[in-house]
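Inside the fold
Chain by chain, the residues:
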Amino acid sequence: MQPYDPATALIVVDVQNDFADPAGSLSVRGSEDIVPLLNDEIAAALAGGATIAYTQDWHPPHTPHFAQDGGIWPVHCVQGTWGAALHPALTVAGPVVHKGANGEDGYSGFTMRDPASGETVPTELEGVLRERAVERVVIAGLATDYCVRATALDAVTLGFETTVLLDAIAAVDLEPGDGARALEAMAEAGVSLARTEPR
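Okay, so let's go over this structure. As the structure is a computational prediction, the values presented were derived from the model and not from experiment.

Turning our eyes to something else, we now look at the sheet that holds strand β1 (residues 8-13). If you walk across this open sheet you meet the 6 strands as β3-β2-β1-β6-β7-β8, and the pairing is parallel. On the outer flanks of this sheet lie β3 (96-99) and β8 (192-194), each paired with one strand and no other. Within this sheet the neighbouring strands show an average axis-to-axis angle of 25 degrees, counted without direction. Bridge analysis of strand β7 (residues 161-170) against β8 gives 3 bridges, and the strand direction is parallel. Note on β8: the bridge partner recorded for V164 is L193. Lying over the sheet, helix α4 (residues 144-157) contacts β1, β3, β6 (136-142) and β7, oriented at roughly 170 degrees with respect to β6.

Take a look at the structure:
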């Protein structure tokens, strides 16, 4: 893992209570264990002058994304609720980008998809990074097989040199092996897979 510098951004994906707390509606096994690692990375990024950005699922109470409305997921990360809040132990030191606020599927930090029309719309994240002349992104957070994967694949498509931190992510594994398959897909797309460095 290269040191952080002003041309690098650390993207912390969806470290929210519904995913990262055992009481969350879509709790990801092992997710609480990554929070201290993320805080170490955030400190290193700050010290190196890097940009730090956070993504946050921010769903309305009803969306085609949820099982109650025809989707596949339990209700989670509803705007303004405890479940949608970033984990209280996470250091927040940069802009927070909301996704899925109008009922879209908000897997990637960079794009959202309208579940009815299939149209893809951008979030604010790319603009945040371009304004700061970011060339490289380091991605960590939740969950490996959905939002981390989608964010990393979009980052590569947008031309960012992209690294995912293997020990600072965790998978839902809705189907056994989903996390491993997501890592394979990211590697095939050109994403570098690295580990955090002892700090």
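Evaluated as defined, the whole model comprises 8 salt bridges. K99 is paired through a salt bridge with D57; the nearest N and O atoms lie 2.8 Å apart. Taken together, the residues K99 in strand β3 and D57 in strand β2 (residues 51-57) connect sequence positions 42 residues apart. Salt-bridge contacts for D105 lead to R113; the nearest nitrogen and oxygen are separated by 2.5 Å. By sharing partners, the salt bridges in this structure join D5, E135 and R136 into a single network.

For the rest of this paragraph, the subject is unusual backbone geometry. Among all residues save glycine, negative phi is the norm, and among peptide bonds the norm is trans. Note the cis peptide between L142 and A143, where omega equals -15 degrees. The topology assignment puts A143 in the loop between β6 and α4. With a phi close to 55 degrees, A133 is a non-glycine residue in the positive phi region. Relative to the helices and strands, A133 resides in the loop between α3 (125-131) and β6. Although it is not a glycine, D173 sits at a positive phi angle of roughly 55 degrees. Structurally, D173 is set in the loop between β7 and α5 (178-188). Relative accessible area serves as the criterion here: at 29%, D173 is assigned to the partly exposed category.

If you look at the biggest cluster of nonpolar residues, it comprises 29 residues, and the most contacted ones within it are Y4, L10, V12, L38 and L142. Broken down by secondary-structure element, the contributors of at least two residues to this core are β1, α1 (17-20), α2 (31-47), β2, β6 and β7. Among the elements that line this core, the one with the most residues is α2, at 6 residues. For L142, the residues in contact, after removing those within four places along its chain, are V13, D14, V15, F19, A20, V28, S31, I34, C147, V148 and A170. Membership of the second largest hydrophobic core comes to 22 residues, among which are V13, C147, V164 and M186.

Another aspect to go through is the pairing of β7. Two faces belong to every sheet, and in a regular strand the side chains alternate between them. Summarising burial for β7: 8 of the 10 residues are buried, a large majority. With 6 bridges joining them, β6 and β7 adopt parallel strand pairing. Its bridge partner being in β7, G141 is matched across the sheet by I169. For the segment spanning β6, α4 and β7, crossover handedness is right-handed. Each parallel crossover has a hand, and the one from β7 via α5 to β8 is right-handed.

Quick look at the environment of V156 now. As for its placement among the helices and strands, V156 is situated in helix α4. Residues V156 and G106 lie 50 residues apart in sequence; the distance between their C-alpha atoms is 18 Å. If we ignore the near neighbours within four places in the chain, the residues touching V156 are T162, A189, G190 and V191.

Structurally, the α-helix is built with 3.6 residues per turn, so residues lying three or four positions apart point the same way. Among the residues making up α5, those that are buried are D178, G179, A182 and M186. For α5, the buried positions fall inside an angular range of 95 degrees around the axis, keeping them on one side. The inward-facing, buried residues of α5 contact α4 and β7. At the C-terminal side of α5, G190 shows a positive phi close to 105 degrees.

So, how was this worked out
- Residues numbered from 1 in each chain as written.
- Predicted model: local features only at pLDDT ≥ 70, side-chain atom pairs only at ≥ 80, totals over all residues.
- Heavy atoms only, no water.
- Pairing = 2+ DSSP bridges.
- Helix = DSSP H or I, 4+ residues; strand = E, 2+ residues; numbered from the N terminus.
- Axes fitted to C-alpha atoms, helices over the stretch in contact; angles between N-to-C directions.
- Contact = heavy atoms within 4.5 Å.
- Salt bridge = Lys/Arg side-chain N within 4 Å of Asp/Glu carboxyl O.
- Buried < 20%, exposed > 50% of the residue type's maximum accessible area, 1.4 Å probe, protein only.
- Core = buried A, V, L, I, M, F, W, Y, C linked by side-chain atoms within 4.5 Å.
- Right-handed = clockwise from strand over helix to strand, strands pointing away.
- Arc of directions from axis to C-beta.

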